[in-house]
Amino acid sequence: MIEIKNLTKKIGNELILDKLNCTIEDNCIYGLVGANGSGKSTLLRIINGVFNHDEGTVLIDRQTIDNNERLKEKIVYVPDDLFFYPNYTLLDTAKYYEALYPNFDMKYFKKLAKTLKLDINQKISDLSKGMKRQCALICALSTNANYMLFDETFDGIDPVIRTVMKKIIAKQMETKQTTIIMTSHNLRELEDICDNLGLLYKGGILFESDIDTLKTEMFKIQIALKEKFDKKTFKDLEMLHFKKCGSVATIIIKGNQKELEKNLKKLKPVILDFLPLTLEEVFIYEMEVLGYEFNEMV
Amino acid sequence: MNSMKWFNHKYLMQNLKKSKNILAFFLVIVPLLSVLSLIIIGQNSHEFVNITFNKASIVTIIGMYIIPVVVSITLFGFVFKRQSSDFILSMPLNRSTIFVTNTVGGIILLLLMTFITTVLILLTTALMPNLIISRSMMVDFFFIWIVAYIFVFTAANLAVTLCGNIVTQIAITALILFLPPFLIHSYQGFTEYQQAEIKCTDDSCKPVQYNCYNDTKCLENQEKGIYTGMVSYNQTNNYTLPYQYASTVYSDHYSYDVSKGQLLKMCALSILYFALGLYLFRKKKMEVTETSFGNINAHNLVKSLTTIPMLTFAAMCFYEREANLGIFVIIITLVYFFIFDLITRKQINKIILSLLYFAVTTVIVIGYYYAFTKDGLKPNTVITQNNIQSISINSASDHLDTSNIFIDNKKLKNIIVKGLVSNSDYSPDSERLNIIIKLKNNKTYKMDINNISLNDYQKILNIVYNNEKFSAAFRNIDYKNVYAIKAANVVINPANNKEIMDMIKTGLENINIAKYNEMNQGFEITLYAYKNHKAVMYHVNSAISPKLTRYISKYTNDRLKKEVIEKNPNINDIDNIYAYLTTNDNMMTDYIINHSYSEIYNFIKNNINKTCDIKQEYIEISLNYKGKAYKFYTNNIDGFEKILNQKTEELKNTKQYINTLKSYQDTNNE
């Protein structure tokens, strides 16, 4: 488990993380979203000990990362801006990881490379951006680290490979009890893979929840009543958004689906449809409630 | 529980693997160039060359400024790039482990390079028979250079922990290595100027030639019987090698001798830099990459510090009333100030702040300079005949190193002070002495007396030769440390020629020292020794023993016989024949010799088995064969002259001979 308390980091005169608090449970995929410069990469670097923090605590399995090699063996980090040694092949890079990570699984690495049709003897510098990221990801996955931190995880990877990679990551989490933190400035990239999501804004986690709760406790409903109605008609419900177009209203409501259905049917609706919400829509409405304009954040 | 590992060999191997090409290049270049320099020295000389510490170190000195910094950049350069910094620091390695592993790895590489250099130098000198080298010296060579290289390496590593790009790292490394000694050296110089005042306070040291050049104070003193003068002295210093070698570029005051003090200082500073580097690396803000510093004030401070030497020079110009040059230097420094910004930060920002730093630095440096020089340059000490404890005469004998023989003799003190105070112009009837004065406060001052009268010189020699310590040292050559003997251009290995050592020893034991310096009829024998980490040369005239002289002439002729004559060489392979006759030789001898190679070679062949007694009249014939120089000694002057006369008769009517003779005569007349 990763526990972050009052984490503060300044770079130059700029406050990047401001008393950030966050808890990431074991064996989950945690998605961290936020606009460019919101502090996602800085947070990952601090978790992994690349950067020192100014204030607060970061505990991983109740230990601090400072001068803790054993703990670092449990964490692997793939940054947004990838680095490979010049003239190194994929196999050379894997050997580098193998030398430093005690649980590195070379067989698994070769299997993953084969799955993704990567030539392990080809120089990485000759590969495309997306393929380089695949190389970095399979090296990281082969370390069998308990915590995997992936910054801008699927940047540059084409949609087909992205789907394959998501499956590999999900399988890794399931079979090896791994905790994965993934960041993206694009919420859509994370919604079908993450268990939990956190929104980073102005140096702090503005909002976090598990995706199941988000998706099962918020609904987009299209409704039309025989009689005239307005926003006040639904005042007893936890309504996040109301928009009426002609005689049909679209409302976003939080709550249990069955209870909502029961309550709304009491109003004898002409139309009553429960529509699926995308994760982005969930975030937009949640942010509206908090008084933020979501599009400015991501 | 936190785990801690200081050294990770797997990481080191990976780190070395990724930069193997660049490391291999830089680590091989010093040994190879060192060998190349020795080959050039060896091939450019037909004579035997004694490879001193400095000759062996030509490439190593230059390498000291480059190799450790390159190794440091190669091992620690990852911190200067965001991607590589993320990559390395995200690996399961503590920062302490990274720092210690890279430092240890770098030291191993430097050790390896220095070891290879040492071994290759020894091999080269073994394969090139005209190069002589002391193995003991090469042991010192290895230790001295490994200490110096580690010192520069740790300074460069410390610089890594302070900044965010390579150029700034190099600038900080230079500041660490050069600024503290520069400040001590230069500001000490402003107040002391390495000059001592010499004062003669009574007639015992009254100079014969003394001129006050209308100096009122000097004239007043002269009336009181006080004679003063200024003398420069060589200051013994403990500067670290990077600074010492750099300072010798503009100063000839400093010797190349490496003292224990310097080595200890470098070791202590290396440990300090390492400890400080380790601490700072753990605390380093890794987010500062690809720029000099996160903090603009730190950037401006470092930039300002790098301008101190230039501003000091400007201050010196103003002090010497060279205002235009001073202003020019300040303008150049100002331009540099902004160029530094462009190189290290890729932009010029906060110009006002930058100018403020420049102005403050300029004022401080110039103000500091003036504050210490406002009363003029003061001598460091006053030396009188009464505060001298003892004197060492370095050049009293060509025979041995006398720098450690201090003589406490009142007469000697008076003559020396007299010689130092005397400010007469140079006279051809004078001698030059190199002395070390030890004062009663135990401070020593090494200096030259340039124009001591022949009479006083003789008196000095008499005092020196009659001194017991000097006599003892004269007879006690440290034979066990002698690694080569050069006599008549032949190098003799003392290990295989014990008898020559015995002959020298016996000869010196029986000789009268005063008479020794008058001997000029023998071969010049040089004994090369390496004693107490210092090269010592003993010069012995073979005339101390007739047996020794015969031995050398025979040894020389035998070498010529064995290596040339017995191989029945083609006469065209023999060149540079030159003859030195103890009897008269006329101006055309060289011309005739040049036309008589075949005859001279046959003459040598016919006389090679005859022993030469150089107390009698003799001829020394030198020749080169296949790049090696040989000498031949014979008393058969008549035979040699007969060859020359016959050849002269043969050639004297030729146009070329007449023209050459005319040209010689014209030159002589001019």
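Please read these numbers as outputs of a predicted model, since none were measured by experiment.

1. Some words on the overall build of chain A
So, step 1. Of regular secondary structure, chain A possesses eleven helices and 13 strands.
So, step 2. Dimensions of chain A, computed from C-alpha atoms along their principal axes, come out at roughly 75 × 45 × 30 Å.
So, step 3. Expressed as a percentage of the 298 residues in chain A, the buried residues total 52%.
So, step 4. For chain A, contacts bridging at least 24 residues in sequence account for 68% of all contacts bridging at least 6.

2. Let's talk about the environment of Asp573 of chain B
All names here are of chain B.
So, step 1. With respect to the helices and strands, the residue Asp573 is situated in the loop between helix 21 (546-563) and strand 13 (574-581).
So, step 2. For Asp573, a relative accessible area of 35% puts it in the partly exposed group.
So, step 3. Separated by 51 residues in the primary sequence, Asp573 and Asn624 have C-alpha atoms spaced 8.3 Å apart.
So, step 4. Excluding residues that lie within four positions of it along the chain, Asp573 makes contacts with Asn624, Tyr625 and Lys626.

3. Some details on the sheet that holds strand 12 (residues 534-541) of chain B
All names here are of chain B.
So, step 1. As summarised here, the arrangement of the four strands in space is 10-9-11-12, forming an open sheet in which the pairing is antiparallel. Of all the strands in the sheet, the pair left with one neighbour each is strand 10 (490-492) and strand 12. Adjacent strand axes in the sheet meet at a mean angle of 20 degrees, parallel and antiparallel pairs treated alike.
So, step 2. By the bridge criterion, three bridges tie strand 9 (residues 482-487) to strand 10 in an arrangement that is antiparallel. Following the sheet pairing, Ala487 is matched in strand 10 by Val490.
So, step 3. Strands in contact with helix 21 are strand 9, strand 10 and strand 11 (524-531); relative to strand 10, the strand with the most contacts, it is inclined by about 110 degrees.

4. Comments concerning the packing of aromatic side chains
So, step 1. According to the stated counting rule, one finds 38 aromatic pairs over all chains in the structure shown.
So, step 2. With 5.1 Å between their ring centres and 85 degrees between their planes, Phe25 of chain B and Phe26 of chain B make a pair best called edge-to-face.
So, step 3. The buried category is assigned to Phe26 of chain B, whose relative accessible area is 18%.
So, step 4. Geometrically, the ring pair formed by Phe523 of chain B and Tyr633 of chain B is edge-to-face, given 4.5 Å between the ring centres and 80 degrees between the ring planes. Residue Phe523 of chain B is located in the loop between helix 20 (513-516) and strand 11, and its partner Tyr633 of chain B is located in strand 15 (residues 628-634); the two are separated by 110 residues in the primary sequence.
So, step 5. Judged by its relative accessible area of 1%, Tyr633 of chain B falls in the buried class.
So, step 6. Of the aromatic side chains, those joined through ring pairs into one cluster are Phe83, Tyr85, Tyr88, Tyr96, Tyr97 and Tyr101 of chain A together with Phe87 of chain B.
So, step 7. Taking the ring centre of Phe229 of chain A as reference, the NZ or CZ of Lys244 of chain A above it sits at 4.2 Å.

5. A look at the interface of chain B and chain A
So, step 1. Contact residues are listed per partner, giving 34 residues for chain B and 34 residues for chain A.
So, step 2. When chain B packs against chain A, the two sides together hide about 3,100 Å² of surface, and 51% of this comes from carbon and sulfur.
So, step 3. The interface formed by chain B and chain A includes four salt bridges.
So, step 4. Notably, a salt bridge pairs Arg45 of chain A with Asp86 of chain B, separated by 2.6 Å at the nearest N-O pair.
So, step 5. When contributions to the side of chain B that touches chain A are tallied by element, the ones reaching two or more residues are helix 1 (9-18), helix 5 (82-90), helix 6 (95-127) and helix 11 (260-283) of chain B.
So, step 6. Of all the elements, helix 5 of chain B adds the most residues to the side of chain B that touches chain A, at nine residues.
So, step 7. Here the residues of the side of chain B that touches chain A are counted per class, giving ten nonpolar, twelve polar and twelve charged.

6. Re the state of the cysteines
Residue and element names in this part refer to chain B.
So, step 1. What the rule picks out here adds up to one disulfide over all chains.
So, step 2. Residue Cys200 pairs covalently with Cys205 via a disulfide, S to S 2.1 Å. In this structure, the disulfide formed by Cys200 and Cys205 twists by about 100 degrees around the S-S bond and is classed as right-handed. Of the two residues examined, Cys200 and Cys205, each falls in the buried class.

7. A closer look at the nonpolar core
So, step 1. Core analysis: the largest hydrophobic core is formed by 189 residues, its most contacted members being Ile47, Leu90, Phe109, Phe150 and Ile169 of chain A together with Trp145 of chain B.
So, step 2. Considering every element that reaches this core, the biggest residue donor is helix 7 (residues 135-162) of chain B, with 18 residues.
So, step 3. The residues touching Ile169 of chain A, leaving out its near neighbours within four places in the chain, are Ile29, Leu141, Phe150, Thr153, Phe154, Ile180, Met182 and Ile193 of chain A.
So, step 4. Counting residues in each nonpolar core, the second largest holds 68 residues, with Tyr227, Tyr465, Ile513 and Tyr538 of chain B among its members.

8. Focus on the sheet that holds strand 1 (residues 2-11) of chain A
Residue and element names in this part refer to chain A.
So, step 1. Reading across the sheet, the three strands line up as 2-1-4 and stay open at both edges, with antiparallel pairing between neighbours. Each end of this open sheet is capped by a strand with a single partner; those strands are strand 2 (14-24) and strand 4 (55-60). Averaged over all neighbouring strand pairs, the angle between strand axes comes to 25 degrees, with direction disregarded.
So, step 2. Taken together, the seven bridges between strand 1 and strand 2 define a ladder with antiparallel strand orientation. Among the inter-strand pairings, Leu7 is bridged to a residue of strand 2, identified as Leu20.
So, step 3. With respect to the sheet, helix 1 (residues 40-48) is in contact with strand 1, strand 2 and strand 4, its orientation differing from that of strand 1 by roughly 115 degrees.

9. Looking at the pairing of strand 11 of chain B
Residue and element names in this part refer to chain B.
So, step 1. Counting buried residues along strand 11, six of its eight residues qualify, which places the element largely inside the surrounding structure.
So, step 2. In terms of strand pairing, strand 9 meets strand 11 through five bridges, oriented antiparallel. Bridged to Lys486 within strand 11 is Thr526.
So, step 3. Pairing of strand 11 with strand 12 involves eight bridges; the strand directions are antiparallel. By the bridge assignment, Glu524 is partnered in strand 12 with Asn541.
So, step 4. Counting the residues between successive antiparallel strands, the hairpin from strand 11 to strand 12 contains two residues, one of them, Asn532, with a positive phi of roughly 50 degrees.

What counts as what
Residues numbered from 1 in each chain as written. Chains lettered and ligands numbered in written order. Predicted model: local features only at pLDDT ≥ 70, side-chain atom pairs only at ≥ 80, totals over all residues. Heavy atoms only, no water. Helix = DSSP H or I, 4+ residues; strand = E, 2+ residues; numbered from the N terminus. Buried < 20%, exposed > 50% of the residue type's maximum accessible area, 1.4 Å probe, protein only. Contact = heavy atoms within 4.5 Å. Pairing = 2+ DSSP bridges. Axes fitted to C-alpha atoms, helices over the stretch in contact; angles between N-to-C directions. Phe/Tyr/Trp six-rings, centres within 6.5 Å; stacked < 30°, edge-to-face > 60°. Lys NZ or Arg CZ within 6 Å of the ring centre and 35° of its normal. Buried area = accessible area lost by both parts, 1.4 Å probe. Salt bridge = Lys/Arg side-chain N within 4 Å of Asp/Glu carboxyl O. Nonpolar A, V, L, I, M, F, W, Y, C, P; charged D, E, K, R; others polar. Disulfide = S-S within 2.5 Å. Core = buried A, V, L, I, M, F, W, Y, C linked by side-chain atoms within 4.5 Å.

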